[in-house]
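# Chain and residue survey
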Amino acid sequence: MSKKTRLLSLALVLLLCLSIFSGCGGDGGGGGETGGDSGGTSKKTGPAVDKDTVVICTADETPSLTTAGHNAVAGDYVNKLTHNGLFRLDRDLNPIPDLVAEYNVLKDDKGEESIWELKLHEGIKFHDGSVMTADDVVASLEHAKQSPDIQSYTQSIVKIEKIDDLSIRLTTDGPSASLMYDLSHHGNYINPKAQLDKLAEDKEILNNNPIGAGPYKFVEWNRGEQLKFTAHEEYFNAERAPKIKNIVWRIIPEGSSRTIALESGDVDYIIETDSNSLEQLEKNSDVTVMKVPSVSHNWLCINNEKAPFDDINVRKAIQAAINKEDVVTVALNGTGIIAESQTPTGMLGEYTEGFDAYNVELAKEYMAKWGGDPATIELDMICSNDTKRRAAGVIQDNLRELGIEATISSMDLATYLSQTADGNFTGFIGGYTSNEMMSFLKGVYLSSNIGSSNKTRLNDPALDELIIKATQTLDQGEREKVLQEATKLLNDLCPQMPLYQDNILSTHKAELKNTFITAGGTFFAQEWEW
Amino acid sequence: MWKYILKRLLYMIPVLFGVSFLVFLILSLAPGDPAKAILGDQGTPEAIAQLREELGLNDPILVQYFRYAKNLVRGDLGMSYKTKGPVSKEIIARVPTTLKLTLSAIIIAVIVAIPLGIIAAVKQNTIFDGLSMFIALIGISIPIFWLGLLLLAQFAQKLGWFPAAGADSWKSFVLPGFALGFHSMASIARITRSSMLEVIRQDYIRTARSKGMTYNNVVRKHALPNALIPTITVTGLQVGYLLAGSVLTETVFSLPGIGRLIIYSIQGRDIPVVLGCILVFTIAFSVVNLLVDLLYAYVDPRIKAQYS
Amino acid sequence: MANNVNTKARGPIIEVIQRLAKNKAAMIGLAIVILLIVLALTAPLFYDYEQDIIKQNIPERFQKPNKDHLFGTDEFGRDLFARIIYGSRVSLSIGFSSVAVAFLVGGFLGAVAGYFGGWLDNIIMRFMDIFLAIPGTLFAITIAAALGDSIRNLIIALAISSVPGFARILRSSVISVRDVEFIEAAKAIGASDGRIITQHVIPNALAPVIVHTTLNVATIILTIAGLSFLGLGIRPPRPEWGQILSDGRSVILTYPHITASAGFAIMITILALNLLGDGLRDALDPRLK
């Protein structure tokens, strides 16, 4: 290249830089409005809607189409299309019978209510046309009990027996308030016995050819790209039979790309909408935005075993020093609710008393009570994604007010999960999603879960006792009191620093009707119609 | 010649085992347990122990590798930790996308680069030359994913000409192909220009000119064919860059290809899948290098002589 | 190459500098590189790290470029101009130190392989073949994911993926001068292998290495950006261009100024290094012109 040309091109590069920069600045003034306008006018949501099909778009691909071979949210969505459980959670997250027509709880020899007699609906048809019987249920639950991925949802069942073709008897280890919730979990969904029997020779049969009795039949899976489903014509429950014939399930990991796909009409429904494009989508009259506060609780988790975090004053100081409003603003673009308790809001047993709100002065008082030198505190906050990194960024700045120099490290999911389960950490940004308070408390705080899901490593016998008591209390009113007591105790102990409950942000074309999302993030595609 | 090809192909075998062992070692020694990654926050210690046993993770690393290598010899890439299905299935499903992406990148790069390089050389030191080389300089210096994001914002979001994600039609590959091919385009344009310049100065071109051929004819009939030889080589060598670049491009454009699979699998410590993908990349890379060498020998008899 | 090889090294070096000085584009490249290095070294004089670089100001987040904030502000309300300037410290130092490590390790391996030849050469180069068979960026991603996110680990990951390139270049340079007469002469008078390598062989291999180094720093800065994009970059709140670029990507549709400022910083640096590298190549190898 000659010198002259290079010089010329260099000058052009600099010119371009300047022009684009000034362009950015120029856009600046009306940025918000123009963005909204272009969303509303230039791109009407694409071609005419195909009334027979709904294109759903999601961020993560399911690892598996089996019901018991994964514990992924992405897989749960798909399982809910193809399969059913004996029970299901209704719109308010209460368990109600699904495949089961009626059930009775009986007392065992010890007088405890631990025997469950369940009777299936008559004539439930699997996708292959065969009729579901008690044998299928027994085989499915036995299979689930042997599957490590969903083991925690099968532990309470000790015995599974067939009574007659439609009836099953389950025995739990003592009274179990969580059994119906557990049976609503995808891990315990019902597969045909005929398929389970073939597992020995064909390990992949449940993944390659999933057959359930659910509202939609599996058609095909283009890995990494999309899945297709078609309505199950013989769905057992006429009232809840699917209304739209086909579902195309597309995987688009990038948030902004999902938004563009919806606005250009390529997709009809986004399960996880990028919070950055919310403002723009809300201005688009062709799009309906659904914002539902989730029951997913997110926090800065602290290893309670490591000094000085074993000191309650240090924990309370950090908790009071975090500006949760700012965390929500930066991490979630303001689309979430700030945490007000050690347990999630919106569940049976919520309780906010004893939880300190953001208050720097109070935080400093706690630090003074502790009496140590804040500069000696080593806190490394592990983050496994961008949202967590942004939250940690705010906390890092907040803690500097107390003289604590916290660090942030990024880890991929595998490392993060290993380090946190093993206790090789001082802190991390994490969260827990569950549909009801008992499994939340058990998972997050029960001392027997230290080493797996109890990452604070809190070991408090009084709390353990309350949690166990709640799971054995079948009366809802009684149970609520026990759960509140547990939450109050937790607020006093301050084992970690709850930050927020994010919103579930789903968006879809305005023509799509009857959409609904539960606080647990579940939606019911079979109810949708154009 | 055939002997040479066979020798090169045979040499790939130890390299492949070396590569797989190296990557296996790196990922196995890294913190992060595949079983915990699969079971997530709610995995109980018993479930983790059971899954580790199922996946064979409790054996010493060398034992695990030899088991893997033994299967590899039989052409079996093993089972994915995450999906529990065969790795080959995961990879085969994604090869077409990466192939289409790489091809469209090469096509776009070549279509743009060669005219650019020729114009720059023929009109040396003019504004055309400056403009062409300016584009080439940008191509070399722009981060590929930023270019991708800019293209998405402009052509998918604002103008709506192309889809923002997916791989269902040729349209899906225009933007990613351009983003990925831009860097290669720059290299190809620069080499075309400099080899064109070199050829134009040769004696036979002067001879042809002196015989009264028009400048354009000289360029087309004499200069171009000779100048394109290095261009072909550089294009071939760009394939390695394109394969690595597909990782970022597929991430930006949500394309279901090998590049994206590899990132997810690294993050989830799905070691068999990572190994499978890297082996596919390595084979592709080595085969293309071999093809480039052969092509080179084909067009340059002096090199051909060395092989026999 | 052979005419560079002699003891009165001053002559050719001055010649090279003179040739380089005549190349205006290369000089501009050099000027930009020097400017960036000066900025990187003096940034702490203009900005207080605590107050100006990492201190957050949430109410002022996502400001478009204006007179108070020349490049606007980021998602924490921090001034992007200050962070970009300060970021040059991080990007350049990671870039240069990775290349330095790669040069030392790769250079050593290549020189040893080339000088001694035989089975040692074979072992080293077959080993390098394995490294070279994996596309570089991909290899860096794998290592970075395995090692974790500290700056030291990032440098290791980047350096390892650059080692084979240096090894190859040094090896071929060394082979090209290995059998030249003056080395044989040195051997004849009983100079040790180590002395011959450091005193004679390496200085003569420097030309291609300098060119490769300049261009490699550019590649590495781009790779860091790519790693940051995949979440394998450096720890916040330290500003680094790739990190700023990837932080801004989720808002590229609404606030393009964040990605633009980091993107251009990277682009101009790469551009300057490329201009300088090309210029050096021309100046060091007169046959090309």
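If you're wondering where the values come from, they're calculated on a predicted model, not measured in any experiment.

About the cut-offs
Residues numbered from 1 in each chain as written. Chains lettered and ligands numbered in written order. Predicted model: local features only at pLDDT ≥ 70, side-chain atom pairs only at ≥ 80, totals over all residues. Heavy atoms only, no water. Helix = DSSP H or I, 4+ residues; strand = E, 2+ residues; numbered from the N terminus. Rg over C-alpha atoms; globule rule 2.2 N^0.38 Å. Buried < 20%, exposed > 50% of the residue type's maximum accessible area, 1.4 Å probe, protein only. Contact = heavy atoms within 4.5 Å. Areas by Shrake-Rupley, 256 points an atom, 1.4 Å probe, with all protein chains shown as cover. Buried area = accessible area lost by both parts, 1.4 Å probe. Salt bridge = Lys/Arg side-chain N within 4 Å of Asp/Glu carboxyl O. Polar contact = N/O pair within 3.5 Å; in protein donor to acceptor, adjacent residues only side chain to side chain. Expected span 1.5 Å × (residues − 1). Phe/Tyr/Trp six-rings, centres within 6.5 Å; stacked < 30°, edge-to-face > 60°. Lys NZ or Arg CZ within 6 Å of the ring centre and 35° of its normal. Nonpolar A, V, L, I, M, F, W, Y, C, P; charged D, E, K, R; others polar. Pairing = 2+ DSSP bridges. Axes fitted to C-alpha atoms, helices over the stretch in contact; angles between N-to-C directions. Parallel < 35°, antiparallel > 145°, perpendicular 65-115°, else oblique. Left-handed = near helix turned anticlockwise from the far one by under 90°. Domains from an automatic or database assignment.

The helix and strand tally for chain A stands at 17 helices and 17 strands. Compactness check: chain A gives a C-alpha radius of gyration of 26 Å against a globular reference of 24 Å for 530 residues, within 12% of the reference. Projected onto its principal axes, the C-alpha coordinates of chain A cover approximately 85 × 65 × 45 Å. Considering chain A as a whole, with its 530 residues, one finds that 62% of them fall into the buried category. Restricting to contacts in chain A with at least 6 residues of sequence separation, those with at least 24 account for 69%. Surface accessibility of chain A: about 19,300 Å² in total, with carbon and sulfur atoms responsible for 48%.

Moving on, we come to the interface of chain B and chain C. Listed per partner, the contact involves 38 residues of chain B and 36 residues of chain C. For the pair chain B and chain C, the two sides together bury roughly 3,200 Å², of which 83% comes from carbon and sulfur. Our enumeration of links across chain B and chain C arrives at 1 salt bridge. Remark: the boundary between chain B and chain C carries 4 residue pairs in polar contact (both at pLDDT 80 or more). Broken down by secondary-structure element, the contributors of at least two residues to the side of chain B that touches chain C are helix H1 (2–29), helix H6 (127–141), helix H7 (144–158), helix H10 (215–252), helix H11 (258–267) and helix H12 (271–299) of chain B. Among the elements that line the side of chain B that touches chain C, the one with the most residues is H1 of chain B, at 8 residues.

Residue and element names in this part refer to chain B. Compared with the 21 Å implied by 1.5 Å per residue over 15 residues, the 20 Å span of H7 between its first and last C-alpha is a close match. Along H7, 11 of the 15 residues are buried, which leaves the element largely enclosed by surrounding structure. Listing the buried residues of H7 in full gives Ile144, Phe145, Trp146, Leu147, Gly148, Leu149, Leu151, Leu152, Ala153, Ala156 and Gln157. Immediately downstream of H7, the backbone of Gly160 shows phi near 70°, a positive value.

With that out of the way, let us pick up the packing of aromatic side chains. Residue and element names in this part refer to chain A. Under the counting rule described, the total for this entry stands at 30 aromatic pairs over all chains. Between the aromatic rings of Tyr77 and Phe523, the centroid separation amounts to 5.2 Å while the plane-to-plane angle is 40°, which identifies the pairing as tilted. Placement of Tyr77 in helix H3 (residues 73–82) and of Phe523 in the segment after strand E17 (497–509) is noted, with a sequence separation of 446 residues between them. Of the two residues, Tyr77 and Phe523, both sit in the buried class. Measuring from centroid to centroid gives 6.0 Å for Tyr432 and Phe440, while their planes differ by 80°, and the two rings are edge-to-face. Among the residues examined, Tyr432 registers a relative accessible area of 8% and is labelled buried. A connected cluster of aromatic rings, assembled from ring pairs, spans Tyr77, Phe218, Phe229, Trp249, Tyr269, Phe523 and Trp528. Directly above the ring of Phe516 sits Arg91, whose terminal nitrogen or CZ lies 4.2 Å from the centroid.

This part covers the interface of chain A and chain B. Taken together, the 54 residues of chain A in the interface contact 60 residues of chain B. Across the chain A to chain B interface the summed buried area is about 4,800 Å²; carbon plus sulfur atoms make up 53%. Counting the contacts that link chain A with chain B gives 2 salt bridges. Between Glu61 of chain A and Arg94 of chain B there is a salt bridge, with its nearest N and O atoms 3.1 Å apart. Looking at the side of chain A that touches chain B, the elements that each hand over two or more residues are helix H1 (3–28), helix H7 (205–208), strand E10 (246–251), helix H8 (255–263), helix H14 (413–422) and strand E16 (427–432) of chain A. Top contributing element to the side of chain A that touches chain B by residue count: H14 of chain A, with 9 residues. Here the side of chain A that touches chain B is built from residues that sort into 18 nonpolar, 22 polar and 14 charged.

Before going further, it helps to spend a moment on the environment of Pro495 of chain A. All names here are of chain A. Mapped onto the elements, Pro495 comes out in the loop between helix H17 (476–493) and E17. With 191 residues separating them in the primary sequence, Pro495 and Asn304 have C-alpha atoms 6.7 Å apart. Not counting residues within four places of it along the chain, the set of residues in contact with Pro495 comprises Ile302, Asn304, Arg315, Gln342, Tyr445, Thr456, Leu458 and Leu490.

Residue and element names in this part refer to chain A. The buried fraction of strand E1 (residues 53–58) amounts to 6 of the 6 residues, a majority that puts the element mostly inside the structure. Because side chains alternate across E1, one face comprises the buried residues Thr53, Val55 and Cys57, and the other comprises Val54, Ile56 and Thr58, equally buried. Bridging between E1 and strand E11 (residues 269–270) involves 2 bridges; their strand directions are parallel. Paired with Ile56 across the strands is Tyr269, a residue of E11.

Another aspect to go through is the pattern of salt bridges. A pair can form between side chains of opposite charge whenever their charged atoms are brought close. Taken as a whole and judged by the stated rule, the model has 33 salt bridges over all chains. Its salt-bridge partner being Asp121 of chain C, residue Arg171 of chain C comes within 2.7 Å of it at the nearest N-O pair. One end of the pair, Arg171 of chain C, is in helix H7 (residues 151–178); the other, Asp121 of chain C, is in helix H5 (residues 118–133), and 50 residues separate them in sequence. A relative accessible area of 11% means that Asp121 of chain C is categorised as buried. Here the residues in one salt-bridge network are Glu61 and Arg223 of chain A together with Glu90 and Arg94 of chain B, joined through shared partners.

Time to look at the packing of helix H15 (residues 437–445) of chain A against helix H16 (residues 461–471) of chain A. Residue and element names in this part refer to chain A. Between H15 and H16, the shortest axis-to-axis distance is 10 Å and the interhelical angle comes to 150°. Classed by the angle they form, the pair H15 and H16 counts as roughly antiparallel. The handedness of the crossing between H15 and H16 is left-handed. Residues Met438, Leu441, Lys442 and Tyr445 of H15 lie in contact with H16, whose contacting residues are Leu463, Asp464, Ile467, Ala470 and Thr471.

Here the focus is the domain arrangement of chain A. Residue and element names in this part refer to chain A. Its domain assignment divides chain A into domain 1 (13–64 + 208–292 + 505–527), domain 2 (83–194) and domain 3 (297–503). One C-alpha centre belongs to domain 2, the other to domain 3; they are set 34 Å apart. Opposite the 8 residues of domain 2 that make contact, domain 3 presents 10 residues. Together, Pro175, Ala177 and Tyr181 form the three largest contributors to the area buried by domain 2 at its contact with domain 3, with a combined 51%. Here domain 2 and domain 3 share 0 salt bridges between them. The tally of links between domain 2 and domain 3 comes to 1 residue pair in polar contact (both at pLDDT 80 or more). Of the residues contributing to the side of domain 2 that touches domain 3, the split by class is 5 nonpolar, 2 polar and 1 charged.

A few words now on the packing of H1 of chain B against H5 of chain C. Closest axis-to-axis distance for the H1 of chain B/H5 of chain C pair is 9 Å, and the angle between their directions is 70°. The pairing of H1 of chain B with H5 of chain C is recorded here as roughly perpendicular in orientation. When H1 of chain B is examined against H5 of chain C, the residues Tyr11, Val15, Gly18, Val19 and Leu22 of chain B are found in contact with a partner set consisting of Arg126, Asp129, Ile130, Phe131 and Ala133 of chain C. A class-by-class count of the residues in the contact of H1 of chain B with H5 of chain C yields 7 nonpolar, 1 polar and 2 charged.

The next subject is unusual backbone geometry. Apart from glycine, the bulk of residues carry a negative phi angle, and the bulk of peptide bonds sit in the trans form. Residue and element names in this part refer to chain A. Across the junction of Ala307 and Pro308, the peptide omega takes the value 0°, indicating a cis bond. Within the secondary structure layout, Pro308 lies in the loop between strand E12 (287–302) and helix H10 (312–321). In the Ramachandran plot, Arg457 falls in the positive-phi region, its phi being about 60° despite a non-glycine side chain. Arg457 gets classed as buried once you look at its relative accessible area, which sits at 14%. Non-glycine residue Cys494 carries a positive phi angle of around 45°.

Time to look at the sheet that holds strand E7 (residues 167–172) of chain A. Residue and element names in this part refer to chain A. The 4 strands are arranged E4-E5-E7-E6 in an open sheet whose pairing can be described as antiparallel. Of all strands in the sheet, those with a lone pairing partner are strand E4 (100–107) and strand E6 (157–164), marking the two edges. In this sheet, adjacent strand axes meet at a mean angle of 20° when their direction is disregarded. Relative to E6, helix H4 (residues 134–145) is tilted by about 165°, and along the sheet it contacts strand E5 (113–120), E6 and E7.

Turning our attention to the domain arrangement of chain B. When the parts of a complex come together, some accessible area is lost, and that lost area is often used as the size of the interface. Residues and elements named next belong to chain B. Split into domains, chain B comes out as domain 1 (2–73) and domain 2 (97–307). Of note, the centres of domain 1 and domain 2, computed from C-alpha atoms alone, are 34 Å apart. With 19 residues of domain 1 at the interface, the matching set in domain 2 holds 18 residues. Carbon and sulfur atoms supply 81% of the area buried between domain 1 and domain 2, which totals about 1,700 Å² over both sides. Interface area lost by domain 1 to domain 2 is led by Tyr4, Arg8 and Leu27, which between them contribute 31%. Where domain 1 meets domain 2, there are 0 salt bridges. One can count 0 residue pairs in polar contact (both at pLDDT 80 or more) joining domain 1 with domain 2. Among the elements that make up the side of domain 1 that touches domain 2, the one with the highest residue count is H1 (12 residues). Of the residues belonging to the side of domain 1 that touches domain 2, the class tally is 15 nonpolar, 3 polar and 1 charged.

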